[in-house]
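In case you want the letters, here they are:
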Amino acid sequence: MTGTVQHPGEVVHRIYLKASPEEVWAALTRSELTKRYGYGGRIDIDPRPGGAYRGYASEALVGSGVDMVIIEGEIIEAEPDRRLALTWRMTADPAMATEGPTRLTYDIGQDERGLTTLTVTHDLTGAPHTAALVTGATPGTGGGWSFVLSDLKSLLETGAGIAG
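Small disclaimer: the values here were computed from a predicted structure and weren't measured.

Enquirer: Please clarify how the overall build of the protein chain should be interpreted in this entry.
Expert: When its secondary structure is counted, the protein chain shows six helices and eight strands. Across the protein chain, helices and strands are ordered from the amino to the carboxyl terminus as β-β-α-α-β-β-α-β-β-α-β-β-α-α. Taken over C-alpha atoms, the radius of gyration comes to 15 Å for the protein chain, in line with the 15 Å a tight globule of 164 residues would show. Across its three principal directions, the C-alpha atoms of the protein chain cover 45 × 40 × 35 Å. Split into buried and exposed, the 164 residues of the protein chain put 41% on the buried side. The contacts of the protein chain with a sequence gap of at least 6 include a subset with a gap of at least 24, amounting to 47%. Approximately 8,100 Å² of the protein chain is accessible, and the part contributed by carbon and sulfur atoms is 52%. Within the protein chain, the 21 negative side-chain charges are centred at a point lying 3 Å from the centre of the 14 positive side-chain charges.

Below, the structure written as structure tokens:
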């Protein structure tokens, strides 16, 4: 994974994967895969402009059978295997719940060597609590995007992520 690049109000991560763009898209949009990396939560997504996005806490966090929505959003752009953009708002933390939604964009491409690139751009303008969480600056919260993307890479390249 490349280092985090921060522009005023924006955090950008890029990773290179030995996986196809289709596999990366599936890992971002299919709940059976999102449960296997990062924080291990399932998602509900309607991958079309205007569609809803919901991220749920993992069973390890809240217990079996509990559906706790921790992220809410709306799809802005959806080009399968290429680009997914959405609003993203953490609802589980009272400080972040008061902040407006941020914009999260996943760009999937390929480099000259045939590796798939995943560039994650999170515009955090006006959302300092969310920024602290997703950059890993909040102690005890697991590492933010660096952690999630590292585990996504592990899952797609080895078949095993930390979450399962």
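There is more to say, and it comes next.
Enquirer: Help me understand the environment of Glu-10 in this model?
Expert: Topologically, Glu-10 is positioned in strand S2 (residues 10-17). It is 30 Å that separates the C-alpha atoms of Glu-10 and Thr-158, two residues lying 148 residues apart in sequence.

Enquirer: For this particular structure, what's the right way to read helix H6 (residues 144-158)?
Expert: The periodicity of an α-helix, 3.6 residues per turn, causes residues three or four positions apart to be oriented the same way. In this model H6 runs 21 Å from its N-terminal to its C-terminal C-alpha over 15 residues, within 8% of the 21 Å that 1.5 Å per residue would give. All of the buried residues in H6 are Gly-144, Trp-145, Val-148, Leu-149, Asp-151, Leu-152, Leu-155 and Leu-156. The buried residues of H6 occupy one face: seen down the axis, they fall within an arc of 165°. In the core, the buried residues of H6 are packed alongside S2, helix H1 (21-29), helix H2 (31-34), strand S7 (102-110), strand S8 (116-123) and helix H5 (128-134). Where H6 terminates, the next one or two residues include Gly-159, which has phi positive at roughly 90°.

Rules behind the numbers
Residues numbered from 1 in each chain as written. Predicted model: local features only at pLDDT ≥ 70, side-chain atom pairs only at ≥ 80, totals over all residues. Heavy atoms only, no water. Helix = DSSP H or I, 4+ residues; strand = E, 2+ residues; numbered from the N terminus. Rg over C-alpha atoms; globule rule 2.2 N^0.38 Å. Buried < 20%, exposed > 50% of the residue type's maximum accessible area, 1.4 Å probe, protein only. Contact = heavy atoms within 4.5 Å. Areas by Shrake-Rupley, 256 points an atom, 1.4 Å probe, with all protein chains shown as cover. Lys, Arg positive; Asp, Glu negative; His and termini not counted. Charge placed at Lys NZ, Arg CZ, Asp CG, Glu CD. Expected span 1.5 Å × (residues − 1). Arc of directions from axis to C-beta.

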